[in-house]
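Structural overview
Each chain, letter by letter, is given below.
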Amino acid sequence: QAAQRSLRALGVATPIQITRHFIRGRYPDLPRVLKELEGAGRIERVRIEEDGAAWKGDWYLHAEDAPLLERLAAESDAWQGRTTLLSPFDNLICDRDRTEQFFDFHFRIEIYVPKHLRKFGYFVLPILRGDQLIGRIDPTLDRATGRLNINAVFAEPNAPKHGQAARAIADAVESLAKFLGAKEIAYTRRVPSAWKTVLR
């Protein structure tokens, strides 16, 4: 049951990715379990291709999710993305290797990194827009003043440069401020130039 739940949460996954999710590291005899689930028709093997080349390894999809995958492939409006900020501990990015493979996004929590060695910040939140990780923000809440300070905003090389993306990021930051009970938001000048007209 745990293997199936992990696989359904991930969408598609390799055995090692299944072991890193849900009841992390506690999947005794997983190869046998996956073989039994495949034999029973509960899961199926799939092939993932990128630029005509197949990804290495054994990839699985839960049989109950196959119709959803087919619908997503057939109907362009079957899924609508949104822009949101992710916790560094979000399940979408908890497996750092998988995050890099799927999103080409290198992410590490820098809480324990000395300040002068941090690349992005103390508690950085990745920015998810649709099905892409397009950047990250470095926020700090000043509880005394009720101000959410956005110390820096970073864009990934493939991030959209238009104002619509910047507005969606601003909305996500406003949602975070509301959640934290902040009364105001203050941006520094460390914002990508393409987003500066909105994120200020």
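In this report, the structure presented in the accompanying data block is examined. (Residues numbered from 1 in each chain as written. Predicted model: local features only at pLDDT ≥ 70, side-chain atom pairs only at ≥ 80, totals over all residues. Heavy atoms only, no water.)

**Points about the nonpolar core**
Among the nonpolar cores identified, the biggest contains 22 residues, and Leu85, Ile137, Val153, Val173, Tyr187, Trp195 and Leu199 are the most heavily contacted of them. For this core, the secondary-structure elements that each account for two or more residues are β7 (125–129), β8 (132–142), β9 (147–155) and α6 (163–180). If you tally residues by element for this core, the top one is α6, at 8 residues. Leave out the neighbours within four places in its chain, and Trp195 touches Ile134, Val153, Phe154, Ala155, Ala159, Pro160, Lys161, His162, Ala165, Ala166 and Ile169. Leu7, Leu34, Leu37 and Tyr60 belong to the second largest nonpolar core, which has 12 residues in total. (Core = buried A, V, L, I, M, F, W, Y, C linked by side-chain atoms within 4.5 Å. Buried < 20%, exposed > 50% of the residue type's maximum accessible area, 1.4 Å probe, protein only. Helix = DSSP H or I, 4+ residues; strand = E, 2+ residues; numbered from the N terminus. Contact = heavy atoms within 4.5 Å.)

**Observations concerning the layout of surface pockets**
Empty space left among the atoms is revealed by rolling a probe the size of a water molecule over them. Of the pockets and cavities examined, the largest pocket occupies roughly 1,100 Å³. Secondary-structure elements contributing two or more residues to the lining of the largest pocket are α1 (2–10), α4 (66–74) and α5 (96–103). There is about 200 Å³ of room inside the second largest pocket. Lining the second largest pocket, in full, are Ser87, Tyr122, Phe123, Leu125, Pro139, Thr140, Leu141, Arg143, Leu148, Leu176 and Leu180. For the lining of the second largest pocket, the elements supplying multiple residues, two or more each, are β8 and α6. Considering each element in turn, the lining of the second largest pocket owes the most residues, 3 residues, to β8. For the lining of the second largest pocket, the class distribution of residues is 8 nonpolar, 2 polar and 1 charged. (1 Å grid on protein atoms, 1.4 Å probe; cavity = no way out; pocket = protein on both sides within 12 Å on 5 of 7 lines; lining within 4 Å. Points joined across faces, edges and corners; volume = space filled by probe spheres on them. Nonpolar A, V, L, I, M, F, W, Y, C, P; charged D, E, K, R; others polar.)

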